[in-house]
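Remarks on the overall topology
Here is how the chains run, residue by residue.
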Amino acid sequence: MPEQPYEPEGAIAGTGMGGAMDLATSEAETLEQRPSAASGGRAPGGPEGTGPQQKPRSLWSDAWRDLRRNPVFIVSGLVILFLVVISLWPSLIASGNPLKCDLAKAQEGSQPGHPFGYDGQGCDVYTRTVYGTRISISVGVLSTLGVALLGSILGGLAGYFGGAWDSFMSRITDIFFAIPVVLGGLVLLSVVTSNTIWPVIGFIVLLGWTQVYRIARGSVITAKQNDYVQAARALGASDSRILLRHIAPNAVAPVIVVATIALGTYIALEATLSYLGVGLKPPTVSWGIDISSASAYIRNAPHMLLWPAGALAITVLAFIMLGDAVRDALDPKLR
């Protein structure tokens, strides 16, 4: 009888139940290795286009996704963008000179080419309101940067090292918190004769860093107790590396929220000090100075007070709304 040629498929099929099980196992392995056409060619275990593993989203990516869907953030962001643009290039919408005045037109109302009228010195209120944006935005942004940097550095060091340094800084912050802001400004800025914005910025930083200090200190104390910090310390990482690479990125979110909200407050504080006569001084163009000058004519020429005060209110409100939106996006408890 001639010998039959060896056929693997026939050998497997002819072995009974065991061969059938081997064939089923082989087919299953083949199906696992080859994505089906119905799945669109994607690898099993992951959504389409992501592969077998999807990269986890970070806090910042989730926050940005939420902010893009928040109408409060969009509206406030557009207002702030407009304010920043006109503070950098005020001549785009105001072609006049804010220091050019005509006493013959003092306290006159709206006229063609001068929609906001004239102030008590005959200066164009519209032009002064537009140019006043530069001072307010500059003071707010620079003061916020100074407060955030000083408060974050001191608070981060105190929260990480603790001990005598933490106790000493806590007593210092208590002393600064006891100083009334407006009263402190009246005392400290009354002896300053400079017409620049730097004395006002320095005063705001001097009294404003304590709030950021406490926020940063609490965030660092919470972050340094996490497992990844303990693991980095066990692997021999230096204190500077732990602070900059592991703690700071996870503790900076509350500082950003507080600084964003405080920016609008600092703009209002500069206007308050200028209104009281100890902040910015003429011939500097400032909303606070214009409001102070217009307060004596509020009955006869209310338009002199309405426009700079309205611009100040809109600016402060926009930054506070932006801070609230950022806080909602960065706080996991509010999700």
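The structure displayed is predicted, hence computed values, not measured ones.

What follows deals with the overall build of the protein chain. Of regular secondary structure, the protein chain possesses 12 helices and 0 strands. Written out in order from the N terminus, the α and β elements of the protein chain read α-α-α-α-α-α-α-α-α-α-α-α. Looking at the protein chain as a whole, 37% of its 335 residues are labelled buried. Restricting the contact set of the protein chain to residue pairs at least 6 apart, pairs at least 24 apart contribute 69%. Approximately 19,400 Å² of the protein chain is accessible, and the part contributed by carbon and sulfur atoms is 64%.

Take unusual backbone geometry next. In this structure, the amide linkage connecting Pro 282 to the following residue, Pro 283, adopts the cis form with an omega of 10°. Here Pro 283 is to be found in the loop between α10 (239-276) and α11 (287-294). Positive phi, normally seen in glycine, also occurs at Gln 107, with a value near 65°. Looking at where Gln 107 falls in the secondary structure, it is placed in the loop between α4 (71-88) and α5 (125-161).

Attention now goes to the packing of aromatic side chains. Under the defined criterion, the tally for this structure stands at 7 aromatic pairs. Relative to Tyr 126, the ring of Phe 116 lies with its centre 5.1 Å away and its plane at 75°, an arrangement referred to as edge-to-face. Highlighted residues: Phe 116 in the loop between α4 and α5 and Tyr 126 in helix α5, separated in sequence by 10 residues. On the accessibility criterion, Phe 116 (16% relative accessible area) is buried.

With respect to the element layout, Leu 207 can be found in helix α8 (residues 198-223). Between the alpha carbons of Leu 207 and Gly 185 there is a distance of 9.4 Å; along the sequence they are 22 residues apart. Those residues in contact with Leu 207 that sit more than four places away from it in its chain are Phe 176, Ile 179 and Val 181.

Time to look at a nonpolar patch on the surface. A cluster of nonpolar residues, Val 181, Val 182, Leu 183, Leu 186, Val 187, Leu 188, Leu 206, Tyr 275 and Leu 276, forms a patch on the protein surface that exposes about 710 Å² of accessible area. Secondary structure elements with two or more residues in the nonpolar patch: α7 (181-188) and α10. Here the element with the most residues in the nonpolar patch is α7; it accounts for 6 residues. Tracing the backbone through its elements, the reader meets Leu 276 in helix α10. You can call Leu 276 partly exposed: its relative accessible area is 41%.

Rules used in this analysis
Residue numbers here run from 1 along each chain, matching the order of that chain's written sequence. With pLDDT at 70 or above as the cut-off, local features in this predicted model cover only qualifying residues; side-chain atom pairs require 80 or more to be listed or tallied, and sums for whole chains, interfaces and linings still use all residues. Heavy atoms from the whole structure form the basis of all side-chain values; hydrogens and water molecules are not counted. Strands here are runs of E lasting at least two residues and helices are runs of H or I lasting at least four, both read from the DSSP assignment and numbered beginning at the N terminus. Exposure is judged per residue with a 1.4 Å probe applied to protein chains only, and the accessible area is read against the type maximum: over 50% gives exposed, under 20% gives buried, and values in between give partly exposed. Here, two residues are considered to be in contact whenever any of their heavy atoms come within 4.5 Å of each other. Residue burial considers only the protein chains on display, and all accessible areas are found by Shrake-Rupley using a 1.4 Å probe. Two rings from Phe, Tyr or Trp (for Trp, the six-membered ring) form a pair when their centres sit within 6.5 Å of each other. Planes less than 30 degrees apart are called stacked, planes more than 60 degrees apart edge-to-face, and all others tilted. Put simply, a patch holds well-exposed residues, over 30% relative accessible area, that have no salt bridge, with like charges counted together within 9 Å and Val, Leu, Ile, Met, Phe, Trp or Tyr side chains within 5 Å. Salt bridges are defined as contacts in which a side-chain nitrogen from Lys or Arg sits within 4 Å of a carboxyl oxygen from Asp or Glu.

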